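Chain by chain, the residues:
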Amino acid sequence: MKEITISTKIKVYESAKELPAEYQKLLESARAARDKAYAPYSNFRVGAAVLMGNGAIVQGANQENAAYSMCICAERTALGNAAMQHPEVAVRAIAVTVKSDKKAIAQPVSPCGACRQAISEAEDRQGADMVIILQGSEGEIYVLESGKALLPMGFHGGFL
Ligand code: THU
């Protein structure tokens, strides 16, 4: 028997002012993207923004549906928009933030499992990791080196 330990490194920033300038701008864009959410059912507005290798920023926000399982998360909306608007350009970083009509969210939002899988496959597709920047509606900001850091032991195309 042997044991494997998987660890995740997270950089914790107390405020956006401590982030590198390009990540501050990206997080600001993710905040603005929340206003483009369609979230009449959850009233939980998620904004995402991706920084492309050519310097462009592409936004996404959650898009809900009365048939709940059809809801599309902000992260996947942003990645889809990026693939359409800048084909062949790698995503360098993705910032995600939230705004709830019910309460302040002081801890960094955590992408759902499906979005972790999509981010991980986008990394495989482009052959490079993307930096993950997470904030709630306020409070600390988490920065991770890759989507894979959020999804250890993920399923991938290599199994097929
Ligand atoms: N949501 C996201 O947009 N991203 C996530 O990673 C988690 C959840 C959305 C889906 C739904 O519209 C709302 O948040 C509540 O689950």
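Further up the page is the structure itself.
In what follows, the accompanying structure is described. (Residues numbered from 1 in each chain as written. Predicted model: local features only at pLDDT ≥ 70, side-chain atom pairs only at ≥ 80, totals over all residues. Heavy atoms only, no water.)

The next subject is the overall build of the chain. On a plain count of helices and strands, the chain comes out with three helices and six strands. Overall, the chain shows an N-to-C arrangement of helices and strands of β-α-β-β-α-β-α-β-β. A globule of 160 residues ought to have a C-alpha radius of gyration of about 15 Å, and the chain, at 15 Å, matches this closely. Here the C-alpha coordinates of the chain stretch approximately 50 × 40 × 35 Å along the principal axes. Looking at the chain as a whole, 41% of its 160 residues qualify as buried. Residue pairs at least 24 apart in sequence account for 66% of intrachain contacts in the chain once pairs closer than 6 positions are excluded. Of the roughly 9,000 Å² of accessible surface on the chain, a fraction of 53% belongs to carbon and sulfur atoms. (Helix = DSSP H or I, 4+ residues; strand = E, 2+ residues; numbered from the N terminus. Rg over C-alpha atoms; globule rule 2.2 N^0.38 Å. Buried < 20%, exposed > 50% of the residue type's maximum accessible area, 1.4 Å probe, protein only. Contact = heavy atoms within 4.5 Å. Areas by Shrake-Rupley, 256 points an atom, 1.4 Å probe, with all protein chains shown as cover.)

Turning to the site of the ligand, a few remarks are in order. Lining the immediate environment of the ligand, one finds S42, F44, V46, N62, E64, C73, A74, E75, P111 and C112. Take E64: an N or O atom from its side chain is 2.5 Å from an oxygen atom of the ligand. Its residues assigned to classes, the shell around the ligand shows six nonpolar, two polar and two charged. (Near = heavy atom within 4 Å. Polar contact = N/O pair within 3.5 Å; in protein donor to acceptor, adjacent residues only side chain to side chain. Nonpolar A, V, L, I, M, F, W, Y, C, P; charged D, E, K, R; others polar.)

Under the definition given, this model contains six salt bridges. E28 is the partner of R31 in a salt bridge, and the nearest nitrogen-oxygen pair spans 2.8 Å. One end of the pair is R31 and the other is E28, both in helix α1 (residues 21-33) and three residues apart, which spans about a single turn. The partner of K148 in a salt bridge is E123, with the nearest N and O atoms 3.3 Å apart. Here the residue K148 occupies a position in the segment after β6 (141-144), and E123 occupies one in helix α3 (residues 113-126), the gap between them amounting to 25 residues. On the basis of relative accessible area, K148 is assigned to the partly exposed category, the value being 30%. Members of the salt-bridge network, linked through shared partners, are E123, D124 and K148. (Salt bridge = Lys/Arg side-chain N within 4 Å of Asp/Glu carboxyl O.)

Further remarks concern the packing of aromatic side chains. This model, assessed by the stated rule, comprises two aromatic pairs. Their ring planes at 50 degrees and their centres at 5.7 Å tell us that Y41 and Y68 sit as a pair that is tilted. Here the residue Y41 occupies a position in the loop between α1 and β2 (44-52), and Y68 occupies one in the loop between β3 (57-61) and α2 (74-85), the gap between them amounting to 27 residues. Accessibility expressed as a relative area gives 38% for Y41, which makes it partly exposed. (Phe/Tyr/Trp six-rings, centres within 6.5 Å; stacked < 30°, edge-to-face > 60°.)

With that settled, consider the sheet that holds strand β1 (residues 11-13). Paired through their backbone hydrogen bonds, the strands of a sheet run either parallel or antiparallel. With mixed pairing, the six strands of this open sheet are ordered in space as β1-β6-β5-β4-β2-β3. Since the sheet does not close on itself, it has two edges, and those belong to β1 and β3, each with one partner. Recorded for the sheet is a direction-independent mean angle of 20 degrees between the axes of neighbouring strands. Contacting β2, β3, β4 (91-100), β5 (131-135) and β6, α1 crosses the sheet at an angle of about 145 degrees to β2. (Pairing = 2+ DSSP bridges. Axes fitted to C-alpha atoms, helices over the stretch in contact; angles between N-to-C directions.)

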